[in-house]
Amino acid sequence: MANTTTRRVNPALTAKPNPVVAFVGAFFGNFIVRRFLLFLLTVWVAATVIFVLPRLTGQDPVKEKLLLEAQRGGSVQAGMNEMAQEYSARLGLDLPLHQQYVNYLYDLSRLDFGYSIAYFPRTVNDIIVDSIIWSFGLMTVTLALAFLIGTGAGALLGWSRSPGWLSYAFMPFLTLSAIPQYMLGLVMMFVFAIMLNLLPFFGAYSPGNLPEWSLSFILDMLRHAILPALSILLSAVGFWAIGMRGMMVNTQGEDFMVQADAKGLNGVRIFVRYAVRNALLPQVTGLAISFGTLLTGAVLVEVLFQYPGLGNTLFYAIRVSDFFQITGIVMTIIISLAFATMLIDMIYPLIDPRVKYTQN
Amino acid sequence: MVVADQETITDSGSSDDEFALRVEDLQVYYGTPRGTVKAVDGVSFNLRQGERFALVGESGSGKSTLAMAIMRLTREPGHIAGGHIYLNGRDVVEMREREIRDIRLREMALVPQGAMNSLNPVMRVGDQIIDGILDHVPSGESAPNKARLNERVHELLERVGLDPAVSRLHPHELSGGMKQRVAMAIAISLDPNIIVADEPTSALDVVVQRQIMQTLGRLQEGLEAAVLLVGHDMGLVAQFADTIGVMYAGKLVEVGSVPDVFKDPRHPYTKLLIESLPSFDISRKFIGIPGMQPALLNLPPGCSFNPRCPSVHDRCYREVPEYLSIAGNRGVACHLYEEEAIP
Amino acid sequence: MLGTLLVFTVIGLLGYAQLDAHTNDPSQHSRLDAFVSGGAPVGDKRLPPSWCTWCEDIAELDADKKPTLFQYPMGTDTQSRDLFATNLRGIPLTLGTGLIAGLLSVGLGTVTAFIAAYYRGLPDVLIRLLTDVGISIPGLLVLIIIRIQLGTELVWWQLGAGLAAVGWVFSSRTVRAQVLVLREQPYVEIARQSGMSGLAIIFREMMPNLIPYITASFVGSVAGAILASIGLEALGLGDFSSPSLGMTVYWVIQFGAITLGMWWWWLFPLIFIVIIFVSLFLISAGLDEWSNPRLRRQV
């Protein structure tokens, strides 16, 4: 009955609040905890949508396709019968729907995406591990560079004391941001790889060249990365520059900017500590929101340049209807994205003192 | 307060004056798509060392524009179209950007409007006091060390009536009155000899308003600085200032010591302003000023006050009244007082 | 900006004029037929634009019939489709997908934003949670899975509806933020206290001030949806019988048009895509200035 008593008494009136209640309150009131719960919720919703929507149609095209392949004797790969059995066993297609759903979530929670259909004995995780390195390398570098360059350029563009020619010099980049990354990639591939024959136009390294830690291989790798990286970079730089320029213009209308001038501060200090520092805050929030769009664009750039990352692997999986692999890759991307967004949100209170970890 | 007679002053730049600030025929214009707005149109006045001068007027009369122009903080599309501002004998209007930056805070400091978010939301209060000090270290001298700076910050915060612990806080953790005190601490951080206070108590509640004004007065006495106070609350201003200047539609229409002006206002506008003050005498009828301030874009010909003036006559529609010096160190811009003018 | 808007509209109209006249009879092809057939094979493979006299001839002509000057103004592809007709039919399809997605997203987004902001309480919490979650899930990827599991090809309007289903959260977020600001405005408060009904407040008091934001959100949604639809099609998840711009990009990648030297295959759709995106970009930049006059002083 102790529980009932504690529940009835208003905690604010008791001299000593129940430590358990206080702890639970503080725990869920904590920003980091709540953000982590949102992360879990995001992944769960995505997983559920992916599970539920196709089942509304009542058919199972994947199983049909698998069985069809098995009957034909497996034109994609051998072992289609095993695949079909594996598929049935895995999703427990004879089980009631809610049981299937629980199994599905259980596998997901262990990040187990099963076997690839196209490369049968290999697991999806194997394939993902192989390709994620390339994607991670390409994308973290280019997206980080784009954010830094774009934000820096936007800060200068929006600064009222910048020279006038700057905005004209930057015009092309603003226009480039309106063009999809893969379209930009197409043009660059044609100009630099085909017309000028300067750079390789597909792959992450030359065929026949095996990955190893040697200078020549690293140079070869970098040469292959230039075009895909530039396609992502050129388009994303303008995107960040436009956002930052707008924020700089807004920030300069703030009262504290007048006061910074009235204090006779050094121009560089006003620019960095007052204008950029404040304009950066919405930019970081924007980073969390636009991450997904930028990333999916980058996935297509990989396809275009046959860069052996997740995007390209996904493309091939789609072509051969390798259902497990597609789900695996998509869920991997969704989870990493949700994770990155969560990290950004968790770092945010560090740069904006008005947002507190403990606020409700 | 001595009223400057524009014609008699010839050699202005070089004198080592008794005046901390001399404003001569200052014009601040705003270019708008519909024409030029003369927000400040030919204003002249002087400010002695240690004097408290208050500028009053309705909103839109140009008083804040004038205050910002003196700091040379006029922003686009506004610009100083003419005139001079002599600060300790040197013309602020002619200064290069580098010089003006050095002078701000060191010689003249701004206490911003109370309603403004004048503090950087992402910096700690202490750092915002320190950065002004650091940026005014004369070239060749080394910056004071951290301990000295912190000591100075604590001293400044105590002088404006705040706990030194406030230096560790961010602006959003402070109340409106506390923020204004921090702004004052910044303003006095380099012992300036002129403090421009642009409606420092706006948007604060009445009790806090009084406290802020008292603190400002105490600081002024300690520094023996001149204060240019801009306000629209005649009552508050009267308690603080030695001298009062009344602005109407971009022009200074009357200047005089506070007791003189309140006892015997000369300009019809000043008379109405003082009559409209609420008093404890309940039997008196509350009187406002009839009509509205004209739009600065199309001022009536002649005296700008002519549509609302009770003593209006023919000349007022034709001639712009000149600014006249009259007895008792006073000045007024009105045709009615031409006989009294001191040449 | 107005000029580009005009170009944008003209392309749209020109394309839409062809939408209904859809016949698939390759047997006879006059200029007009090629125009309407859109994507049907014409018999001649890999022809460069026929006006391009200096072009290297990599064509596999069936017979020695030389194309007349304007027979294939944008050449033909490896499947012997007249690319002029393909592009002309493709532009309205792509624009249509974007418009459908844009309209649905903004409609859904605005309605949910109003429900959330106006009724507060539980509906607000749920909708906010849903948008927070939705924004961090890349919609394109969810669509990929759904499309794969559905097993059927999506025609242009279905694609648009699908994109709206994952894209409305962005509109909802933008509009909701603005409704929250407006809700606290004194004039809305006065309207509420003077007994105006909820719907009347929304449409008479709030709507006029929301129009710039809703329009901006619409333009953003259209751009986002076109981007995503081309992406989805380029990945091979489009309607294979459709001549939309995204499918052309898919065939370009699939057949390695760039390495084949068939520049006309990818250059023209690329130009159209760029025109569409730059127009949308300029429109949204103009809208930005409309709702945020401070930006006007810059550039």
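Cut-offs applied
- Residues numbered from 1 in each chain as written.
- Chains lettered and ligands numbered in written order.
- Predicted model: local features only at pLDDT ≥ 70, side-chain atom pairs only at ≥ 80, totals over all residues.
- Heavy atoms only, no water.
- Domains from an automatic or database assignment.
- Buried area = accessible area lost by both parts, 1.4 Å probe.
- Salt bridge = Lys/Arg side-chain N within 4 Å of Asp/Glu carboxyl O.
- Polar contact = N/O pair within 3.5 Å; in protein donor to acceptor, adjacent residues only side chain to side chain.
- Helix = DSSP H or I, 4+ residues; strand = E, 2+ residues; numbered from the N terminus.
- Contact = heavy atoms within 4.5 Å.
- Axes fitted to C-alpha atoms, helices over the stretch in contact; angles between N-to-C directions.
- Parallel < 35°, antiparallel > 145°, perpendicular 65-115°, else oblique.
- Left-handed = near helix turned anticlockwise from the far one by under 90°.
- Nonpolar A, V, L, I, M, F, W, Y, C, P; charged D, E, K, R; others polar.
- Buried < 20%, exposed > 50% of the residue type's maximum accessible area, 1.4 Å probe, protein only.

### What about the domain arrangement of chain A?
Residues and elements named next belong to chain A.
Here's step 1: Examined at the domain level, chain A breaks down into domain 1 (20-109) and domain 2 (125-351).
Here's step 2: Counting each side, the surface lost to burial between domain 1 and domain 2 is near 1,400 Å², with a carbon and sulfur contribution of 88%.
Here's step 3: A per-residue breakdown of the area domain 1 buries against domain 2 is headed by Phe-31, Arg-35 and Phe-39, which together make up 34% of the total.
Here's step 4: Inspection of the domain 1/domain 2 interface yields one salt bridge.
Here's step 5: Close ionic contact of Asp-345 with Arg-35 constitutes a salt bridge, the shortest N to O distance being 2.7 Å.
Here's step 6: Inspection of the domain 1/domain 2 interface yields one residue pair in polar contact (both at pLDDT 80 or more).
Here's step 7: Elements with a minimum of two residues in the side of domain 1 that touches domain 2: helix H3 (31-55), helix H4 (61-72) and helix H5 (80-91).

### Thoughts on the interface of chain A and chain B
Here's step 1: Facing 25 residues of chain A, the contacting portion of chain B comprises 27 residues.
Here's step 2: Its largest share of buried area at the contact with chain B, chain A owes to Asp-255, Gln-259 and Lys-263 of chain A, together 25% of the area lost on that side.
Here's step 3: Inspection of the region where chain A meets chain B yields three salt bridges.
Here's step 4: Of the charged contacts in the structure, one is a salt bridge between Asp-261 of chain A and Arg-101 of chain B, with a shortest N-O distance of 3.2 Å.

### Some details on the packing of helix H9 (residues 181-195) of chain A against helix H10 (residues 215-252) of chain A
To describe two helices that pack against each other, one gives the angle between their axes and the distance between the axes.
Residue and element names in this part refer to chain A.
Here's step 1: Look at H9 against H10: their axes get within 9 Å of each other, and the N-to-C directions meet at 135 degrees. In terms of orientation, H9 lies oblique with respect to H10. In the packing of H9 onto H10, the handedness of the crossing is right-handed. Only Leu-227, Leu-230, Ser-231, Ile-232, Leu-234 and Ser-235 of H10 make contact with H9, whose side of the interface consists of Gln-181, Leu-184, Gly-185, Met-188, Met-189, Phe-192 and Ala-193.

### Focus on the environment of Phe-202 of chain A
Here's step 1: Checked against the element boundaries, Phe-202 of chain A lands in the loop between H9 and H10.
Here's step 2: The contacts of Phe-202 of chain A, once residues within four sequence positions are left out, are His-224, Phe-305 and Gln-306 of chain A.

### A short note on the packing of helix H3 (residues 83-119) of chain C against helix H8 (residues 198-234) of chain C
Residues and elements named next belong to chain C.
Here's step 1: Between H3 and H8, the shortest axis-to-axis distance is 7 Å and the interhelical angle comes to 140 degrees. With respect to H8, the element H3 is oriented oblique. H8 is crossed by H3, and the crossing has right-handed handedness.
Here's step 2: Split by residue class, the contact of H3 with H8 holds 18 nonpolar, ten polar and no charged.

### So, helix H13 (residues 310-319) of chain A
Here's step 1: Most of H13 of chain A is tucked away: eight of the ten residues are buried.
Here's step 2: Taken together, the buried positions of H13 of chain A are Leu-310, Gly-311, Asn-312, Thr-313, Leu-314, Phe-315, Ala-317 and Ile-318 of chain A.
Here's step 3: The secondary structure elements touched by the buried residues of H13 of chain A are helix H7 (124-158), helix H12 (267-304) and helix H14 (323-351) of chain A together with helix H5 (139-150), H8 and helix H9 (245-254) of chain C.
Here's step 4: Phi turns positive one or two residues past the end of H13 of chain A, at Ser-321 of chain A, with a value near 50 degrees.

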